[in-house]
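Geometric and topological summary
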Amino acid sequence: MIDELKGYDLNFTYNKKKYHVSIKNLDAAKTQKLYDIGASVYSFRGKTALYFSSTRKIVGPLSALRKHYVIFENPLQQRSVQYDLTDCTDISHAFYGYKGPRLFIDSFDTSKFTDFSYMFKNCKFLRSTGFENWDVSNGENFESMFENYSNLEELDLSKWKFKKKCNLTTMFAGCKNLKVLNLSGWDLTEAILVNIFYDCNRLAFIKAYGCDEETIRRLRECAEISLSGCKVLTNE
């Protein structure tokens with residue numbers, strides 16, 4: 001029975017004995033005890049995360065689970081399954097290079113995530129995830145989030161609101177089939193926009209309705225550098 005989960009430390013009772021585990025330094029013995037209570041341990045690039053099958057609780061960065069997509073690929077009849085992500089703030093690299101056509105992660109509570117970098121990079125076959133309605137209000141790093149996501153043709157992120165000082169470097173780079181991008185309402189006055197549209201050769205329209213003048217100026221500047229014939233649409 002799990003008594004308490006706090007950040008990256010786990011306190012639980014197993015066979016009437018109390019255990020404390022810091023998942024930053026798991027040893028073999030403690031790992032076995034975690035398996036006994038239905039917890040799986042995943043690691044990637046030095047980051048470790050726990051996944052509890054009974055409660056669908058995930059503790060730690062989702063990037064540590066990037067090679068274990070089975071928990072995200074639910075059959076259609078199980079699409080309503082909810083995952084507890086209250087202890088996650090890092091979703092970077094989570095689905096980097098994913099080769100499947102779908103991910104059922106539209107119900108994720110992403111309001112606490114700060115790092116979305118490289119999340120869907122090289123997802124060449126993925127059709128949709130439902131991320132258009134995500135709460136990214138605490139997002140700080142979106143570098144290469146959609147880079148080489150070549151299956152995208154139209155993307156509406158107008159509902160996204162994030163921190164002003166964020167990193168959008170190469171966010172959409174290599175989206176070769178992207179034709180329409182809706183960034184209406186975005187505030188990019190202090191954002192890092194290096195090569196944000198690099199190699200988006202088919203991008204014809206960037207919707208910027210409701211954006212301030214500085215954001216529109218910067219979007220047009222980025223379009224002129226990387227794109228040919230792309231129009232930034234505004235209220236003007």
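Located above this text is the structure these notes cover.
Residues numbered from 1 in each chain as written. Predicted model: local features only at pLDDT ≥ 70, side-chain atom pairs only at ≥ 80, totals over all residues. Heavy atoms only, no water.

**Here we look at the overall build of the protein chain**
The number of helices and strands found in the protein chain is 2 helices and 11 strands. The order of helices and strands in the protein chain, counted from the N terminus, is β-β-β-α-β-β-β-β-β-β-β-α-β. Looking at the protein chain as a whole, 49% of its 236 residues qualify as buried. Counted over contacts in the protein chain with a minimum sequence separation of 6, partners at least 24 positions apart contribute 65%. (Helix = DSSP H or I, 4+ residues; strand = E, 2+ residues; numbered from the N terminus. Buried < 20%, exposed > 50% of the residue type's maximum accessible area, 1.4 Å probe, protein only. Contact = heavy atoms within 4.5 Å.)

**Regarding the pairing of strand β4 (residues 39–44)**
Taken residue by residue, a regular strand's side chains alternate between the two faces of the sheet. Bridging between β4 and strand β5 (residues 47–52) involves 6 bridges; their strand directions are antiparallel. Within β5, the residue paired with Ala 39 across the bridge is Phe 52. Here β4 folds back onto β5 in antiparallel fashion, the turn holding 2 residues, of which Arg 45 has a positive phi close to 50°. (Pairing = 2+ DSSP bridges.)

**Points about the sheet that holds strand β11 (residues 231–233)**
In space, the 4 strands of this open sheet follow the order β8-β9-β10-β11, with parallel pairing throughout. Edge positions in the open sheet fall to β8 (154–156) and β11, since each of these has one partner strand only. Strand-to-strand twist in this sheet, taken as the mean axis angle between neighbours without regard to direction, amounts to 15°. (Axes fitted to C-alpha atoms, helices over the stretch in contact; angles between N-to-C directions.)

**A short note on the sheet that holds β4**
What the 4 strands build is an open sheet, ordered β4-β5-β6-β7; its pairing is mixed. Looking along the sheet, the strands with just one partner apiece sit at the ends: β4 and β7 (84–87). Recorded for the sheet is a direction-independent mean angle of 25° between the axes of neighbouring strands.

**A word on the nonpolar core**
For soluble globular proteins, the rule of thumb is that nonpolar side chains tend to be buried together. Counting 61 residues, the largest nonpolar core has Phe 120, Trp 134, Phe 146, Trp 160, Leu 168, Phe 172 and Phe 197 as its most contacted members. Breaking this core down by element, the ones donating at least two residues are β5 and α2 (213–226). The element that contributes the greatest number of residues to this core is α2, accounting for 4 residues. Leave out the neighbours within four places in its chain, and Phe 197 touches Phe 172, Leu 181, Leu 183, Leu 203, Ile 206, Leu 219, Cys 222, Ala 223, Ser 226 and Leu 227. The next biggest cluster of nonpolar side chains, apart from the first, holds 5 residues, and it includes Ala 39, Val 41, Phe 52 and Val 59. (Core = buried A, V, L, I, M, F, W, Y, C linked by side-chain atoms within 4.5 Å.)

**Comments concerning the pattern of salt bridges**
All told, the structure shown has 6 salt bridges when counted by the stated rule. Note that Glu 214 and Arg 217 form a salt bridge whose closest N and O atoms lie 2.8 Å from each other. Of this pair, Glu 214 and Arg 217 are both found in helix α2, 3 residues apart, which corresponds to roughly one turn of the helix. With a relative accessible area of 30%, Glu 214 lands in the partly exposed category. (Salt bridge = Lys/Arg side-chain N within 4 Å of Asp/Glu carboxyl O.)

**Notes on the packing of aromatic side chains**
Two descriptors summarise a pair of aromatic rings, namely the distance from one centre to the other and the angle between the planes of the rings. Under the definition given, this model contains 17 aromatic pairs. Pairing Phe 131 with Trp 134 gives two aromatic rings, centres 6.3 Å apart and planes at 65°, and the pair type is edge-to-face. Note on accessibility: Phe 131 and Trp 134 belong to one class, buried. (Phe/Tyr/Trp six-rings, centres within 6.5 Å; stacked < 30°, edge-to-face > 60°.)

**Details of the environment of Phe 116**
By the element assignment, Phe 116 lies in the loop between β7 and β8. Excluding residues that lie within four positions of it along the chain, Phe 116 makes contacts with Ile 91, Ser 92, Thr 110, Trp 134, Val 136, Gly 139, Asn 141, Phe 142 and Met 145.

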